Amino acid sequence: MEPLVALCKRRGIVFPGSEIYGGLAGTWDWGPVGALLKKNYKDLWWKDAVQLRDDIVGIDSAIMMNPKAWEASGHTTGFVDPLIECKICHQRFRPDKPKEVKSHEATHRGKAVEWTEPQKFNLLVKAYLGIIEGKQTEIFLRGEITNGVHVNFKNVLDTTRVKIPFGIAQIGKAFRNEITPGNFVFRSREFEQLEVQFYIKPDESEGRKWFEYWKKDRMNWFLSLGMKRENLRFRDHEDDEKAHYAKAATDIEYNSPWGWQEMMGIHNRGDWDLSRHQQFSDKNLTYRDPETNEAYVPWDIETSSGLERPLLFILLDAYHKDEKREWLQLDPKLAPYKAAVFPLVPNKPDLVAKAGEIYHNLRKSMMVSWDDRGNIGKRYAAQDEVGTPFCITVDYTTLEDQTVTVRERDSMEQKRVPVSELEAYILKVL
Ligand code: GAP
């Protein structure tokens with residue numbers, strides 16, 4: 001982790017939040033390169049989850065919601081007791097229930113379980129709306145993006161042509177009063193989530209079928225981003241660790257430097273959410289099957305992952321170091337910059353002009369970096385550290401034969417490529 005964290009700071013991927021004021025625990029600011037990485041991940045995810053599918057639509061719901069939504073989902077009642085937290089798996093228990101505490105310790109099979117001091121927990125972050133002091137309404141910043149989807153179930157049904165089975169996708173910020181943020185961006189207090197709530201017929205065999213479908217689909221998603229198969233595994237939740245809403249739950253875990261850790265969750269939430277919102281809002285949230293005319297509250301198979309956490313694991317997988325260099329072997333689809341353009345020297349106007357022309361043309365179709373500082377070796381090193389797949393050098397030969405040197409990040413191989421074929425050459429790899 002240490003060299004990766006240092007690289008992230010050095011190259012503008014991730015900075016500690018509010019750093020000049022001494023920071024704010026559990027918050028991180030993504031720099032110029034990190035913001036591109038995040039955007040690429042989210043764009044690819046949206047394309048995969050929404051653009052290329054007929055059965056999923058996307059929404060973007062508000063972060064601030066009527067507090068009743070959090071009562072309905074069980075979040076406000078579930079997190080206000082004094083609780084102790086297991087430092088291994090972060091599950092929380094009431095200290096006045098020693099039997100439960102002991103039986104939890106036993107699940108860690110002989111490991112010495114350490115507990116935090118009892119604290120009054122409210123995982124939801126409070127905010128206050130209203131301008132008159134003392135007359136403000138207490139609300140919560142969303143602890144997960146899920147509720148915003150469920151409360152719009154009817155709106156989506158009424159405004160689109162979706163039929164069960166169908167999904168609603170969303171990407172957005174979530175906030176949690178984590179008591180033990182840590183391991184860099186792994187557990188933060190502010191983070192983004194990418195979720196699909198996939199509504200199905202309320203039926204055990206449908207539930208199993210779609211649960212298995214989404215497990216496979218999500219594993220393939222991470223593999224499609226170049227993650228190493230040996231660093232990924234499924235882990236089914238034991239009955240006593242399932243969330244209050246889950247009929248079945250599996251995590252995709254990553255083999256991190258501090259052990260196997262949850263990267264995302266796949267949950268069969270049954271009809272928990274829609275039934276509760278129906279009950280608390282007093283609105284009919286049933287679905288009427290157009291063929292059988294049967295009305296029912298659908299079940300929900302949820303796939304939920306963070307953004308920063310998978311990106312941390314992708315960066316760990318991509319991080320390489322040998323005696324000569326450090327580099328991020330990122331899938332070119334994810335790479336913040338697809339190419340970098342260098343004039344061989346910065347003080348020859350015709351070289352700089354030619355390189356500038358190539359740079360301006362290429363950046364119409366992809367993110368391209370420009371560098372004319374120091375020697376070429378240093379420029380390669382800087383681009384390797386942010387995972388740029390191609391470095392393009394414009395030299396004196398370019399002025400004669402309209403070719404450039406293209407250097408590939410992983411193999412470090414160099415080829416002469418005609419300027420007229422450059423864009424196609426790079427897009428082919430992307
Ligand atoms: N809607 C279900 C839900 O939110 P979760 O297991 O609490 O389930 C889903 O969260 C995913 O969100 C996690 O697998 C992880 O990738 C990400 N996540 C959760 N808490 C996080 C935190 N404090 N910091 C960063 N990512 C977090």
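Right above here is the structure, for reference.
Below, the structure is looked at part by part. (Residues numbered from 1 in each chain as written. Predicted model: local features only at pLDDT ≥ 70, side-chain atom pairs only at ≥ 80, totals over all residues. Heavy atoms only, no water.)

1. Digging into unusual backbone geometry
In most cases, non-glycine residues show a negative phi, while peptide bonds are predominantly trans.
Phase 1 of the analysis: In this structure, the amide linkage connecting Ile-164 to the following residue, Pro-165, adopts the cis form with an omega of 5°.
Phase 2 of the analysis: For Arg-109, which is not a glycine, the phi torsion comes out positive at approximately 40°.
Phase 3 of the analysis: Tracing the chain through its elements places Arg-109 in the loop between α5 (98-107) and β6 (119-120).
Phase 4 of the analysis: Phi is positive for Asp-282, which is not a glycine, with a value near 60°. (Helix = DSSP H or I, 4+ residues; strand = E, 2+ residues; numbered from the N terminus.)

2. A few points about the packing of aromatic side chains
Phase 1 of the analysis: Summed over the entire model, instances satisfying the criterion amount to 19 aromatic pairs.
Phase 2 of the analysis: With 5.5 Å between their ring centres and 50° between their planes, Phe-166 and Tyr-199 make a pair best called tilted. With a gap of 33 residues between them, Phe-166 in strand β9 (residues 166-175) and Tyr-199 in strand β10 (residues 190-200) connect regions that are remote in the sequence. This pair shows no difference in class: Phe-166 is buried, exactly as Tyr-199 is.
Phase 3 of the analysis: Here Trp-258 and Phe-313 contribute two aromatic rings whose centre-to-centre distance is 6.3 Å and whose plane-to-plane angle is 45°, an arrangement assigned as tilted. Here Phe-313 lies in helix α10 (residues 308-318) and Trp-258 lies in the loop between β12 (248-256) and β13 (259-268), a separation of 55 residues in the sequence.
Phase 4 of the analysis: Relative accessible area serves as the criterion here: at 25%, Trp-258 is assigned to the partly exposed category.
Phase 5 of the analysis: An aromatic cluster is defined as three or more aromatic residues linked by ring pairs; in this entry it consists of Phe-186, Tyr-254, Trp-258 and Phe-313.
Phase 6 of the analysis: Here the guanidinium or amino end of Lys-215 rests over the ring plane of Phe-234, the centre of that ring lying 4.9 Å away.
Phase 7 of the analysis: The positively charged end of Arg-309 is found above the aromatic ring belonging to Phe-186, 3.8 Å away from the centroid. (Phe/Tyr/Trp six-rings, centres within 6.5 Å; stacked < 30°, edge-to-face > 60°. Buried < 20%, exposed > 50% of the residue type's maximum accessible area, 1.4 Å probe, protein only. Lys NZ or Arg CZ within 6 Å of the ring centre and 35° of its normal.)

3. Brief notes about the site of the ligand
Phase 1 of the analysis: Close contacts around the ligand come from 22 residues, with Thr-146, Ser-188, Glu-195, Glu-262 and Met-263 the closest.
Phase 2 of the analysis: With respect to the ligand, the side chain of Arg-176 contributes an N or O atom lying 2.9 Å from an oxygen atom.
Phase 3 of the analysis: Computed on the free molecule, the ligand has an accessible area of 560 Å², of which 93% lies beneath the protein chains in the complex.
Phase 4 of the analysis: A total of five residues in the shell around the ligand trace back to one element, the largest contributor, which is β13.
Phase 5 of the analysis: Here the residues of the shell around the ligand are counted per class, giving five nonpolar, eight polar and nine charged. (Near = heavy atom within 4 Å. Polar contact = N/O pair within 3.5 Å; in protein donor to acceptor, adjacent residues only side chain to side chain. Areas by Shrake-Rupley, 256 points an atom, 1.4 Å probe, with all protein chains shown as cover. Nonpolar A, V, L, I, M, F, W, Y, C, P; charged D, E, K, R; others polar.)

4. A short note on the pattern of salt bridges
Phase 1 of the analysis: Per the stated rule, a full pass over the model turns up 34 salt bridges.
Phase 2 of the analysis: The partner of Glu-138 in a salt bridge is Lys-126, with the nearest N and O atoms 4.0 Å apart. Placement of Glu-138 in strand β8 (residues 137-141) and of Lys-126 in strand β7 (residues 125-129) is noted, with a sequence separation of twelve residues between them.
Phase 3 of the analysis: Note on Lys-126: relative accessible area 40%, which makes it partly exposed.
Phase 4 of the analysis: Across the salt bridge formed by Glu-357 and Lys-354, the nearest N and O atoms sit 3.2 Å from each other. Here the residue Glu-357 and the residue Lys-354 both occupy positions in helix α11 (residues 349-362), the gap between them amounting to three residues, near one helical turn. (Salt bridge = Lys/Arg side-chain N within 4 Å of Asp/Glu carboxyl O.)

5. Considering the nonpolar core
Phase 1 of the analysis: In this structure, Ile-13, Tyr-41 and Phe-222 are the most contacted members of the largest nonpolar core, which totals 54 residues.
Phase 2 of the analysis: For this core, the element with the highest residue contribution is helix α2 (residues 32-51), accounting for eight residues.
Phase 3 of the analysis: When sequence neighbours within four positions are dropped, the list of residues in contact with Tyr-41 reads Leu-194, Trp-221, Phe-222, Leu-225, Leu-307, Pro-310, Leu-311, Ile-314 and Leu-334.
Phase 4 of the analysis: Among the nonpolar cores identified, the runner-up in size contains 18 residues, and Ala-339, Leu-351, Met-366 and Val-404 belong to it. (Core = buried A, V, L, I, M, F, W, Y, C linked by side-chain atoms within 4.5 Å. Contact = heavy atoms within 4.5 Å.)

6. Details of the environment of Pro-165
Phase 1 of the analysis: In this fold, Pro-165 is placed in the loop between α7 (153-159) and β9.
Phase 2 of the analysis: The spacing of Pro-165 and Gln-383 is 218 residues in sequence and 45 Å in space, taken between C-alpha atoms.
Phase 3 of the analysis: Those residues in contact with Pro-165 that sit more than four places away from it in its chain are Asp-55, Phe-198, Tyr-199, Ile-200 and Trp-210.

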